[in-house]
Amino acid sequence: MLVVIFGSDRWAVIGVMAGMLYLPLGQVIPVFGINLFAMRFVEIAVFVRIVFRREFLSFVWNGIDRVFFALYTFTTLVFLARSNEGQANVIGIAVDAFICYFSFRMLLEDVEDFKWFLKVFLLFLGPYTALVLTESLMGYHLFTFLGYVQDVWREGRIRSVGSFDHPALLGTLGASFVQLYIGLWFSRKDRMFALAGIVFCLAIVWASNSGGPISCVIYGLLGWMLWVCRKRMQWFRRSLVAALCLLALVMKAPIWFLIAKLGAITGGDSWHRSQIIDVFVRHIDEWWLAGIPIGATKYWLPTYNHVTGGVDLTNNYLCFGAQAGLGATALSILLLVRGFSYVGNALEIIRNSSESDSSLEFLFWGFGVVLAVHAFNWLGIPYYDQTYVLWFMQLAVLATLSDKVIRSGSNIVELSLPKQELKAMQRHRYRSTITMSKFQTLA
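Residues numbered from 1 in each chain as written. Predicted model: local features only at pLDDT ≥ 70, side-chain atom pairs only at ≥ 80, totals over all residues. Heavy atoms only, no water.

A short note on the overall build of the protein
Threshold: Here a strand is any run of E in DSSP of at least two residues, a helix any run of H or I of at least four, and the numbering for each starts at the N terminus. When accessible area is computed with a 1.4 Å probe and restricted to protein chains, residues below 20% of their type maximum are described as buried, those above 50% as exposed, and intermediate ones as partly exposed. We call two residues in contact when some of their heavy atoms are within 4.5 Å. Throughout, the Shrake-Rupley method with a 1.4 Å probe supplies accessible areas, and for residues the shown protein chains are the sole cover considered.
Check the secondary structure of the protein and you find 19 helices and four strands. The 443 residues of the protein split such that 51% are buried. Within the protein, contacts between residues separated by at least 24 positions form 73% of all contacts whose residues are at least 6 apart in sequence. Looking at the protein as shown, the accessible area adds up to about 21,300 Å², and 66% of this sits on carbon and sulfur atoms.

As structure tokens, then:
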């Protein structure tokens, strides 16, 4: 909290992300029905910082921001109008979303900031990787010192959870950040940092021993392989849609049971994930308008979650739907579509600019791949612990840098300049504008 409040904007981001890594859900204080997790105190610190330093004054809304705001506002209002239970929790989720996402939007301003973050983040990711490997290899959970104990086994090996609440959520950390470190690899001066990041992230995925993160890594590698047809992505998208339509016609089961077939390769309970989609589609008349109490879904499947009292809802898209209806699910999909649109437009500008650094295109391609990884991962698990912090951070960086490229247009070279040189260039441009203005007045 002290780093977040008093540090530079770069170190404030490091402070928040270090909290995401090292503060488990076991650290909590209940106040008036709201669970104040340790991570929420860090969020309060970053909110205080931004307000008192007036860092919000330079903020400019873009299309991703508007859809993000609409998603969580709509979901919260519909839930509050429908249900008398769990209102404090839903409000807390919305506050988490707004503070985290918009704080990262205001703190990370340019490409150099983000590259600096990826390199310094290794100072925290390295020891964290050692902790989860210790848990996996030795069976000793070092986070028990913070009051958090959870042992999960699969096929004779521990599934590490680290500070997270589920092995798949720990694996999401590695499976998402590895795509960004691959993008950093193409910057020659940062190649050693990128290699270390890739190794740490893959080690975290291995320690999680979970099929979802392994599938995300494979899916991400396929995304990087699509680099060869980067200038013809519209044809790839159309071919993908056509292939899915053809499969839907020839398959005996619905198209979403492809998830179960993929799980036969990577492992994990993919059959249940296909069943969840199937049962929600069959009961769409019960939840499409304003969602449904999770307890009302108890008898949709032979088994249910004893904690929630309903089906084990392992699908983030359907979590939005159960909370606020089909409109919330549509907005969550629109958020992803808007993100892909911004990244695609930014890549087009970078590709057509003769002044841009070639490594910049790889870095932005990494943003597109990590967004695709999250879109795929949402089919298998909702982000119900501090995983939301890394998702909002990555989405905010994508939104900030893509929007900056789109707004810069032909001045793409400014994105790769160090901040001091950029400010000097802007001051020189401002003085030149003032001088020209005075000359025109005299004339």
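A word on the nonpolar core
Applicable threshold: Here, nonpolar core means buried Ala, Val, Leu, Ile, Met, Phe, Trp, Tyr and Cys residues that are tied together by side-chain atoms lying within 4.5 Å of each other.
Formed by 104 residues in total, the largest nonpolar core has its most connected members in M17, L173 and F177. Top contributing element to this core by residue count: helix α18 (residues 387-408), with 13 residues. Here M17 is in contact with F104, F117, F121, F177, V389, L390 and M393, once residues within four sequence places are set aside. One finds I277, I292, W300 and A322 within the second-largest nonpolar core, a separate group that totals 13 residues.

So, α18
Selection rule: The span you would expect from a helix comes to 1.5 Å times its residue count less one.
Along its 22 residues, α18 runs 32 Å from first to last C-alpha, staying within 8% of the 32 Å computed at 1.5 Å per residue. Of all the 22 residues making up α18, 19 are buried; the element is thus mostly covered by neighbouring parts of the structure. Residue G409 follows α18 closely and has a positive phi angle near 60°.

Concerning the packing of helix α2 (residues 9-22) against helix α7 (residues 122-138)
Two quantities define a packed helix pair, namely the angle between the helix axes and the distance between the axes. Going by this rule: Angles run from 0 to 180 degrees between N-to-C directions of axes, and those axes are lines fitted to C-alpha atoms, restricted for helices to the stretch in contact. Working rule for angles: under 35 degrees goes down as roughly parallel, over 145 as roughly antiparallel, 65 to 115 as roughly perpendicular, anything else as oblique. Asp, Glu, Lys and Arg are counted as charged, while Ala, Val, Leu, Ile, Met, Phe, Trp, Tyr, Cys and Pro are counted as nonpolar; the rest, among them Gly, fall into the polar class.
Direction vectors running N to C along α2 and α7 enclose 5°, while the axes themselves pass 11 Å from each other. Viewed along their axes, α2 and α7 adopt a mutual orientation that is roughly parallel. Facing W11, I14, A18, L21 and Y22 of α2, the residues of α7 in contact are F124, L125, P127, Y128 and L131. Grouping the constituent residues of the contact of α2 with α7 by class yields 10 nonpolar, no polar and no charged.

Description of the pattern of salt bridges
Close approach of charged atoms allows side chains of opposite charge to pair. Using the following cut-off: Whenever a carboxyl oxygen of Asp or Glu lies within 4 Å of a side-chain nitrogen of Lys or Arg, that contact is scored as a salt bridge.
A full pass over the atoms with the stated rule returns 10 salt bridges. Note that D278 is salt-bridged to R282, the shortest N-O span being 3.1 Å. You can see D278 and its partner R282 sitting in helix α13 (residues 270-282), four residues apart, about one turn around the helix. Residue class for D278 comes out buried when judged on its relative accessible area of 16%.

A few points about empty space enclosed by the protein
We apply this condition: Note on definitions: the grid is 1 Å and covers protein atoms alone; a cavity is a set of points where a 1.4 Å probe fits but cannot get out; a pocket is an open set with protein on both sides within 12 Å along at least five of seven lines; lining residues have an atom within 4 Å of a point. Grid points are joined across faces, edges and corners, and a volume is the space filled by probe spheres set on the points.
Under the counting rule described, the total for this entry stands at one cavity of 30 Å³ or more. By volume, the largest cavity is sized at about 30 Å³. If you go around the largest cavity, the residues you meet are V16, E43, V46, I99, C100, S103 and F104. Only α3 (38-53) and α5 (87-107) provide two or more residues apiece to the lining of the largest cavity. Among the elements that make up the lining of the largest cavity, the one with the highest residue count is α5 (four residues). The class makeup of the residues in the lining of the largest cavity is five nonpolar, one polar and one charged.

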